[in-house]
Amino acid sequence: MDKLSDRVKRLGYSQTFVMSNKVREMKANGIDVISLTLGEPDFDVPDNIKQAAFDAINQNYSHYSPVPGFLELREAVAYKLKRDNNLDYKPTQICVSNGAKQAILNVLAAIINDGDEVLLPAPYWVSYDEMVKMMGGASVMLPTSYVTDFKVTAQQLEEAITDKTKAILFSSPCNPSGGYYTYDELKSIAKVVAKYPHVTIISDEIYEFINYETKTTSIAQFPEVYEQTAVINGMSKAYAMTGWRIGYSACPEWLAKACEKVQGQMTSGANTMAQRASITALKTDPSEYKYMIDAFQKRRDLVYELIKEIPGFKVLLPKAAFYYFPDISHYIGKTLDGTEIKNSDDFAMFLLDRAHVGCVGGVSFGSPECIRFSYAASEEDLRVAMRRIKELLEKFN
């Protein structure tokens, strides 16, 4: 008898962590590798947030919290959603989780039956498809490309919705493309989804503050789909609190209660000290933390001047987040110095082996013709990494 479940055997490993682990192994063997793999801000947590955590320890916040989080934190989330997104949510509509990843899993567990379909505009974050599998659902990929700015259209979405469609799951701003959906684009999508009340929108907005052009629009702002939308967000990206594991969902009451039920049987409430620190973070004016976004924008501009000189790359200037997602289809199907490049995962491994630069292939993002670079790294590392790749690829062009 096989000891492993069919469910776990269906799951793949996160390609992001696969590549970052290979980088660590190479570094441990003394190889000078530059890692542009993980989507993690390289800043320290701001001092006022750290101080709030110290205060929470000294005030003995060391016991279980309510499953959906402290009331004060849910009130702070509601305050933030009103201040930054013009969204009205009550604390009872908010569930604080162990990271935004758990918030998404809570929603999927609450709505997905075996065989239900979830629409994933590609490219998508690597975990989305695996999360759907974990819950017994089936992902339906909606392809986009470099030509379409990696965004799905309302018409494309409508053509994909069937009676089996239970949800659409996407991020805006997008990991990995660095793009975002505009107000008008989301309005068109909202009009489509509103015609199908059995469909839930799961809107991952974790990168909302890292937007270099405008204020990010949440699709929940459109009244016709407010009751169909789960807004996902958290503390990892805007506040550099990746290891603190605080995320949240804001949902209609029926879905929020279901998320609380799911979480109550999985992990219960999130880390109490991190919750208290998150109250301080959310209540602080976002301008206090803008220095991180300014640094990301400077790095983005630096990399753009370098990456567009790399032969065979087709690249868009990212408008948000901290990723480049170049199309490298020029190299697919070729053999480079004895290495057959069947897809972008092969190409990413080739860059790691020959240029000693770690990135992530696009297969697990739903875009096998692209690769993802994180530019949440020092300017010096970014310069060296782009130079290494350019010098390597110039040999084959």
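Reading the values: rules and limits
Residues numbered from 1 in each chain as written. Predicted model: local features only at pLDDT ≥ 70, side-chain atom pairs only at ≥ 80, totals over all residues. Heavy atoms only, no water. Helix = DSSP H or I, 4+ residues; strand = E, 2+ residues; numbered from the N terminus. Rg over C-alpha atoms; globule rule 2.2 N^0.38 Å. Contact = heavy atoms within 4.5 Å. Areas by Shrake-Rupley, 256 points an atom, 1.4 Å probe, with all protein chains shown as cover. Lys, Arg positive; Asp, Glu negative; His and termini not counted. Charge placed at Lys NZ, Arg CZ, Asp CG, Glu CD. UniProt positions renumbered as here; feature names shortened; annotations may be inferred. Domains from an automatic or database assignment. Buried area = accessible area lost by both parts, 1.4 Å probe. Salt bridge = Lys/Arg side-chain N within 4 Å of Asp/Glu carboxyl O. Polar contact = N/O pair within 3.5 Å; in protein donor to acceptor, adjacent residues only side chain to side chain. Buried < 20%, exposed > 50% of the residue type's maximum accessible area, 1.4 Å probe, protein only. Core = buried A, V, L, I, M, F, W, Y, C linked by side-chain atoms within 4.5 Å.

**Overview of the overall build of the protein**
- The helix and strand inventory of the protein stands at 13 helices and 14 strands.
- Compactness check: the protein gives a C-alpha radius of gyration of 21 Å against a globular reference of 21 Å for 397 residues, within 12% of the reference.
- Its C-alpha atoms give the protein principal-axis dimensions of roughly 60 × 55 × 50 Å.
- Relative to all contacts within the protein whose residues are 6 or more apart in sequence, the contacts with residues 24 or more apart total 74%.
- Surface exposure of the protein reaches about 16900 Å², of which carbon and sulfur atoms provide 50%.
- Positive and negative side-chain charges of the protein, numbering 44 and 50 respectively, have mean locations separated by a distance of 1 Å.

**Re the UniProt feature "domain: Aminotransferase class I/classII large" (unreviewed entry) in the protein**
- UniProt marks residues 32-389 with the feature "domain: Aminotransferase class I/classII large" (unreviewed entry), using the numbering shown here.
- For the annotated span residues 32-389, helix accounts for 37% and strand for 15% of the residues, and the straight-line distance between the end C-alpha atoms is 14 Å.

**As for the domain arrangement of the protein**
- What the domain assignment lists for the protein is domain 1 (6-44 + 289-394) and domain 2 (47-287).
- Between the C-alpha centres of domain 1 and domain 2 the distance comes to 26 Å.
- Listed by partner, the interface residues are 37 residues for domain 1 and 40 residues for domain 2.
- Surface buried jointly by domain 1 and domain 2 totals about 3300 Å² across both partners, of which 60% is contributed by carbon and sulfur atoms.
- Along the contact surface separating domain 1 from domain 2 lie one salt bridge.
- Here Lys319 ties to Asp149 by a salt bridge, and the two come within 3.5 Å at their closest N and O atoms.
- Our enumeration of links across domain 1 and domain 2 arrives at 19 residue pairs in polar contact (both at pLDDT 80 or more).
- Elements with a contribution of two residues or more to the side of domain 1 that touches domain 2: α1 (6-10) and α11 (290-307).

**Examining the pattern of salt bridges**
- Enumeration over the complete set of coordinates arrives at 26 salt bridges.
- Arg299 serves as the salt-bridge partner of Asp42, at 2.9 Å between the closest nitrogen and oxygen. Separated by 257 residues along the polypeptide, Asp42 in the loop between β1 (34-35) and α3 (47-58) and Arg299 in helix α11 bring together distant segments of the chain.
- Arg299 sits in the buried class, given a relative accessible area of 9%.
- Between Asp346 and Lys342 there is a salt bridge, with the nearest N and O atoms lying 3.4 Å from each other.

**So, the nonpolar core**
- Counting residues in each nonpolar core, the largest one holds 78 residues, and the members touching the most others are Phe313, Phe347, Leu351, Phe373, Ile389 and Leu393.
- The two domains that each donate at least three residues to this core are domain 1 (6-44 + 289-394) and domain 2 (47-287).
- By size, the runner-up hydrophobic cluster in this structure holds 33 residues, among which are Leu81, Ala220, Tyr239 and Ala270.

**Notes on the environment of Leu157**
- Residue placement: Leu157 occurs in helix α7 (residues 154-160).
- Residue classification places Leu157 among the buried positions, given a relative accessible area of 0%.
- The sequence separation of Leu157 and Ile189 amounts to 32 residues, and the corresponding C-alpha distance is 7.6 Å.
- Setting aside residues up to four positions removed in sequence, Leu157 forms contacts with Leu119, Leu142, Val152, Ile168, Ile189 and Val193.

**Considerations on unusual backbone geometry**
- Residue Pro123 follows Ala122 across a cis peptide bond; omega there is 10 degrees.
- Backbone torsion omega between Ser172 and Pro173 reads -5 degrees, so that peptide bond is classified as cis.
- Mapped onto the elements of the fold, Pro173 is located in the loop between β5 (165-171) and α8 (183-193).
- At Ala240, a residue that is not glycine, the phi angle is positive and equals roughly 55 degrees.
- Relative to the elements of secondary structure, Ala240 occurs in the loop between β7 (229-234) and β8 (247-250).
- The phi dihedral of Asp337 is positive, around 50 degrees, even though this residue is not glycine.
- For Asp337, the location among the structural elements is in the loop between β10 (335-336) and β11 (339-340).

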